[in-house]
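Residues per chain, in single letters:
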Amino acid sequence: MPNASGGADEAEALDKLVDFVANHDFVSGEEKHVEEIRAERQALGLAPLPPDERHLNYVADVASCDFCGTPEAGKHHCSRCKCAFYCSAECQKKDWKVGGHKAACPHFEETCQALGRQTVADMADESKPPLLRVQQLERLDGEGAYKVAVEHGLHDVILKMLKDDAEAAALVRFRDGQAYDRASYAHFIMMTLWRGQRHARAGSTSFGKCDGGRVKRFIRSSTQAFPALWEACLAVAKIPLDDGIYRAGPAYHQEVHQIARDCLAGLSQIFTNDGVSKAILCGPSKEKDEAVAFGKDRIEYLALTTNRIIKVFNGAKEGRDVRDVLEGYIYQNTAMIAYRAREYGIDEDFASCLEMKPESQVLYQTIAVPLGEGTIKKGFALSGAEAQAAMRAGAAQYKQEKKASKKKGKGKKGDVEVG
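Throughout this document, residue positions are counted from 1 along each chain, in the order its sequence is written. Side-chain atom pairs in this predicted model are given and counted only at pLDDT of 80 or more, local residue features only at pLDDT of at least 70, and totals for whole chains, interfaces and linings cover all residues. Neither water nor hydrogens contribute to the side-chain values; these are computed over all heavy atoms in the structure.

Moving on, we get to unusual backbone geometry. Although it is not a glycine, lysine 82 sits at a positive phi angle of roughly 60 degrees. Secondary structure counts use DSSP, requiring at least four H or I residues in a row for a helix and at least two E residues in a row for a strand, with both numbered from the N terminus. Structurally, the position occupied by lysine 82 is in the loop between strand S1 (76–77) and strand S2 (85–86). Despite not being glycine, arginine 323 has its phi angle at roughly 55 degrees, a positive value. Positionally, arginine 323 belongs in the loop between helix H17 (288–314) and helix H18 (325–343).

Next comes the structure, spelled out in structure tokens:
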């Protein structure tokens, strides 16, 4: 502000001050930005951005590293553009020297703004074929662009897309649609937007963990967020069981089966993450009693929806679920939910709420439980050798427990033996 003191200098300073007040817009830069965002959201048919929640969904969690891709580790950011995030000074230096950020930095904020806004606009454009709405989600790999997308309604668009999948629209697209119609929104969101190790495994469809920060921000964005995600993945899991999909030929059926498998595997990675699991099972409250009450309601919901999908797979025709992989993932996710429910003091025996056949109970105890708990304890997808070892240990433990139970006279008729 001008210094208003002393004779002619005072008069000149006063003139400058009057001119400053007359011509300056006292709406802050942030408020201008929010008004611009609100207008764009309205144009896309999205809900207005609440004034007290402008940045709630983003800054509450740590970003991923934009160089090595480590989830929830980007505590440092570029001091110039403020749009690139890093887990360490070492990663920041490497990105500057060999990662290309030195050249990109001067215009990186503008680039992130363009990528974030355009991606949300494409996703929200229902006039486009489904595949074209999601085929360029890699534009949001960087945290700077993703932050812009969140501010411009990304979570609202994701919620709409997941609800679309959950309402069986994905089945219709895969069974009756043309090439550009055949897409599961849940699959693209889980495998692209929320995949961990985005940069370390660029060009690869294989990864062992989700980006917990991104998933948590979505879960917290709406009370409908997790139910929409959960039900969308379960709906996609049923698509390979459809007669029309199966009759389309082995190659197409295998492709759709892999998409369903990816969605269920994505849920497994979500429950591997402690922070995301707490957001799902304990809700927003930090008070233990409120969190447990929320968790009990959530467990009841999960038991109801899981029993529904179990019944569907129990009635599935032969060959629809290749090697029973999808059913196996359903039980593994169930085991992981049960583990988390015990860990958080919500429910001691979630699995007892499920309507499993006797042979399914054996598979649950000998395969799903060791795989699910092993994945949680490792914090990462198990390797093939680790999975085999976990299943052998699970089968051995089950046999031992059954043997001990029979010795005590507690064995029940109809017990299924493990081979």
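Continuing now.
All right, on to the confidence of the model for the protein chain then. Known as pLDDT, the predictor's confidence for each residue is given on a scale from 0 to 100. Confidence in the prediction for the protein chain averages 83 pLDDT; 80% of positions are at 70 or higher. For the protein chain, per-element mean pLDDT is lowest for helix H3 (residues 56–59), which scores 37, and highest for helix H13 (residues 225–238), which scores 97. Contact definition: two residues touch when any of their heavy atoms are within 4.5 Å. Confidence drops under a pLDDT of 50 for residues 16–32, and excluding neighbours within four residues, the segment shows ten contacts in the predicted structure. The low-confidence segment residues 50–60, where pLDDT is below 50, has 20 contacts with residues more than four positions distant or belonging to other chains.

One way to put it is that helix H19 (residues 358–378) packs onto helix H20 (residues 384–407) with a least axis distance of 8 Å and a crossing angle of 130 degrees. The angle between H19 and H20 falls in the class oblique. Viewed along their axes, H19 and H20 form a crossing whose handedness is right-handed. Between H19, through Val362, Gln365, Thr366, Ile367, Pro370, Leu371 and Lys378, and H20, the contact on the second element is made entirely by Glu386, Ala387, Ala390, Met391, Gly394, Ala395 and Tyr398. Between N-to-C directions, angles span 0 to 180 degrees; the directions come from axes that are lines fitted to C-alpha atoms, helices contributing only their stretch in contact. Convention used here: angles under 35 degrees read as roughly parallel, angles over 145 as roughly antiparallel, angles from 65 to 115 as roughly perpendicular, and any remaining angle as oblique. Crossing handedness is read from the near helix: turned anticlockwise from the far helix by less than a right angle, it gives a left-handed crossing, and turned clockwise, a right-handed one.

A separate point is the packing of helix H12 (residues 212–221) against helix H16 (residues 274–281). When two helices pack together, their arrangement is given by the angle between the helix axes and by the axis-to-axis distance. Between H12 and H16, the least distance of the axes is 9 Å, while the angle of their chain directions is 10 degrees. It follows from the interaxial angle that H12 and H16 lie roughly parallel. Between H12 and H16, the contacting residues are Gly212, Val215, Lys216 and Ile219 on the first element and Gly275, Val276, Ala279 and Ile280 on the second. Here the term charged refers only to Asp, Glu, Lys and Arg, the term nonpolar to Ala, Val, Leu, Ile, Met, Phe, Trp, Tyr, Cys and Pro, and the term polar to all other amino acids, Gly among them. Class assignment for the residues of the contact of H12 with H16 results in five nonpolar, two polar and one charged.

Below, the discussion takes up the side chain of aspartate 66. With respect to the element layout, aspartate 66 can be found in the loop between H3 and S1. Polar contacts, as used here, are pairs of N or O atoms within 3.5 Å; protein pairs need one atom able to donate a hydrogen and one able to accept it. Residues neighboring in sequence count only if both atoms are side-chain atoms. Of note is the side chain of aspartate 66, whose polar atom sits 3.0 Å from the backbone nitrogen of glutamate 143.

Any Phe, Tyr or Trp ring, taking Trp's six-membered ring, that has another such ring centre within 6.5 Å forms a pair; planes under 30 degrees apart are called stacked, those over 60 apart edge-to-face, and the others tilted. Applying the stated rule across the entire model yields four aromatic pairs. Each ring, one from phenylalanine 226 and one from phenylalanine 271, has its centre 6.4 Å from the other, and the planes form 85 degrees; the classification is edge-to-face. Taken together, the positions of phenylalanine 226 in helix H13 and phenylalanine 271 in helix H15 (residues 250–272) put the pair 45 residues apart, joining distant regions of the chain. Geometrically, the ring pair formed by tryptophan 230 and phenylalanine 271 is edge-to-face, given 6.4 Å between the ring centres and 85 degrees between the ring planes. On the criterion of sequence distance, the pair formed by tryptophan 230 in helix H13 and phenylalanine 271 in helix H15 is long-range, its members being 41 residues apart. A network of ring pairs unites the aromatic residues Phe226, Trp230 and Phe271 as a single cluster. Lysine and arginine charges are scored as sitting over a ring when NZ or CZ, respectively, is within 6 Å of the ring centre and within 35 degrees of the ring normal. Between the NZ or CZ atom of arginine 214 and the centre of the ring of tyrosine 146, over which it lies, the distance is 3.6 Å.

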